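Structural characterization, general
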Amino acid sequence: SAVISQKPSRDICQRGTSLTIQCQVDSQVTMMFWYRQQPGQSLTLIATANQGSEATYESGFVIDKFPISRPNLTFSTLTVSNMSPEDSSIYLCSVQTPTEAFFGQGTRLTVV
Amino acid sequence: ILNVEQSPQSLHVQEGDSTNFTCSFPSSNFYALHWYRWETAKSPEALFVMTLNGDEKKKGRISATLNTKEGYSYLYIKGSQPEDSATYLCAFWDAGNNRKLIWGLGTSLAVNP
């Protein structure tokens, strides 16, 4: 199993600013996954973060908007840049294998 | 494009009712099917992971079945309680090139006391 500490748990931000979300895992993992859940929608994968290489972004998500760092095998950050109200969502980090998935507690972001 | 579909989208039941949800997924490149329970302000909680056709799993009043040949899974809740109110998500692990969980939109369950 894996325990993931994610912070902040919530934030209210002004439009045009940036917020960095951090996830710390209690064990070394190869890949970390970043999701968002917008109101009324399911989990949408933003990108997959590998240590030592650039993150792989899903269609509709770009590095300039959601830069990701993965400095080691237990830590990752996701930055939501130049925020607009449409970025108001829950953001989750996750580690996964074919038969297990573990999540951080989520970051509830409100952009005003 | 791989797609996981869940139905119904939402459900309101009375305390004590039994209910079930459906998850449909691609039957090719199947590796595993996951069910999660997601309450507001919490992270998703794993309920079941099933890998074999015909698998049946049970956890208290909740159970699930798997049919990989036709690409569906059912989640059953017997004697629903208000604390069962949550969104139930299923996710399919694609053994092909994607190698990641592909999520359904979830079924939102509300149990009225």
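The preceding data block contains the structure.
Residues numbered from 1 in each chain as written. Chains lettered and ligands numbered in written order. Predicted model: local features only at pLDDT ≥ 70, side-chain atom pairs only at ≥ 80, totals over all residues. Heavy atoms only, no water.

1. Comments concerning the sheet that holds strand β8 (residues 72-77) of chain B
All names here are of chain B.
- Strand order across the open sheet formed by five strands is β1-β3-β8-β7-β6, with antiparallel pairing between neighbours. Each edge of the sheet is formed by a strand with only one pairing partner; in this case those strands are β1 (5-7) and β6 (56-59). Averaged over neighbouring strand pairs, the angle between their axes works out to 15 degrees when direction is ignored.
- Across six bridges, strand β3 (residues 19-24) lies against β8 in antiparallel orientation. Paired with threonine 19 across the two strands is isoleucine 77, which belongs to β8. (Pairing = 2+ DSSP bridges. Helix = DSSP H or I, 4+ residues; strand = E, 2+ residues; numbered from the N terminus. Axes fitted to C-alpha atoms, helices over the stretch in contact; angles between N-to-C directions.)

2. Let's talk about the interface of chain B and chain A
- On the chain A side, the residues contacting the 19 residues of chain B number 18 residues.
- Both faces combined, the contact of chain B with chain A buries some 1,500 Å², and carbon together with sulfur accounts for 65% of it.
- For chain B, the biggest contributors to the area lost against chain A are Trp38(B), Lys100(B) and Trp103(B); these three give 34% of the whole.
- In this structure, the connection of chain B to chain A is made through one salt bridge.
- Between Lys100(B) and Glu58(A) there is a salt bridge, with the nearest N and O atoms lying 2.6 Å from each other.
- Residue assignment for the side of chain B that touches chain A shows that the elements contributing at least two residues are β4 (30-38), β9 (86-94) and β10 (101-103) of chain B.
- Looking at the side of chain B that touches chain A, the element that brings in the most residues is β4(B), giving five residues. (Contact = heavy atoms within 4.5 Å. Buried area = accessible area lost by both parts, 1.4 Å probe. Salt bridge = Lys/Arg side-chain N within 4 Å of Asp/Glu carboxyl O.)

3. Re the sheet that holds strand β1 (residues 4-7) of chain A
Residue and element names in this part refer to chain A.
- Ordered by their spatial adjacency, four strands build an open sheet running β1-β3-β8-β7, and the pairing between neighbours is antiparallel. Unpaired on one side and paired on the other, β1 and β7 (68-72) mark the two borders of the sheet. Strand-to-strand twist across the sheet, computed as the mean angle between neighbouring axes with direction ignored, equals 15 degrees.
- Where β1 lies against strand β3 (residues 19-25), four bridges are found, and the strand directions are antiparallel.

4. Quick look at the environment of Met83(A)
Residue and element names in this part refer to chain A.
- Position of methionine 83 among the secondary structure elements: in the loop between β8 (75-80) and β9 (89-97).
- In the structure, methionine 83 is positioned 65 residues away from serine 18 in sequence and 6.0 Å away in space, judged by C-alpha atoms.
- Residues contacting methionine 83, with those up to four places away along its chain left out, are Cys13, Gln14, Arg15, Gly16, Thr17, Ser18, Leu19, Lys65, Leu109 and Val111.

5. Regarding the nonpolar core
- Of all hydrophobic cores here, the largest spans 26 residues; its most connected members are Trp34(A), Ile46(A), Phe66(A), Ile68(A), Tyr91(A) and Leu109(A).
- Broken down by secondary-structure element, the contributors of at least two residues to this core are β3, β4 (31-37), β5 (44-50), β8, β9 and β11 (107-111) of chain A.
- With four residues, β3(A) is the single largest residue contributor to this core.
- Apart from the residues lying within four places of it in its own chain, the contact partners of Leu109(A) are Asp11(A), Cys13(A), Leu19(A), Val80(A), Met83(A), Asp87(A), Ser88(A), Ser89(A) and Tyr91(A).
- Leu11(B), Leu33(B), Leu47(B) and Ile102(B) belong to the second largest nonpolar core, which has 24 residues in total. (Core = buried A, V, L, I, M, F, W, Y, C linked by side-chain atoms within 4.5 Å. Buried < 20%, exposed > 50% of the residue type's maximum accessible area, 1.4 Å probe, protein only.)

6. Re the pattern of salt bridges
- Applying the stated criterion across every chain, the model contains six salt bridges over all chains.
- We note a salt bridge from Asp87(A) to Lys65(A), for which the minimum N-O separation is 2.6 Å. Here the residue Asp87(A) occupies a position in the loop between β8 and β9, and Lys65(A) occupies one in the loop between β6 (56-57) and β7, the gap between them amounting to 22 residues.
- Glu39(B) is the salt-bridge partner of Arg37(B), the closest N and O atoms lying 2.9 Å from each other.
- Overall, Arg37(B) belongs to the buried group, its relative accessible area being 10%.

7. Some details on the packing of aromatic side chains
- Across all of its chains, the model carries twelve aromatic pairs over all chains by this definition.
- Among the aromatic residues, those joined into a cluster by ring pairs are Tyr35(A), Phe103(A), Tyr36(B) and Trp103(B). (Phe/Tyr/Trp six-rings, centres within 6.5 Å; stacked < 30°, edge-to-face > 60°.)

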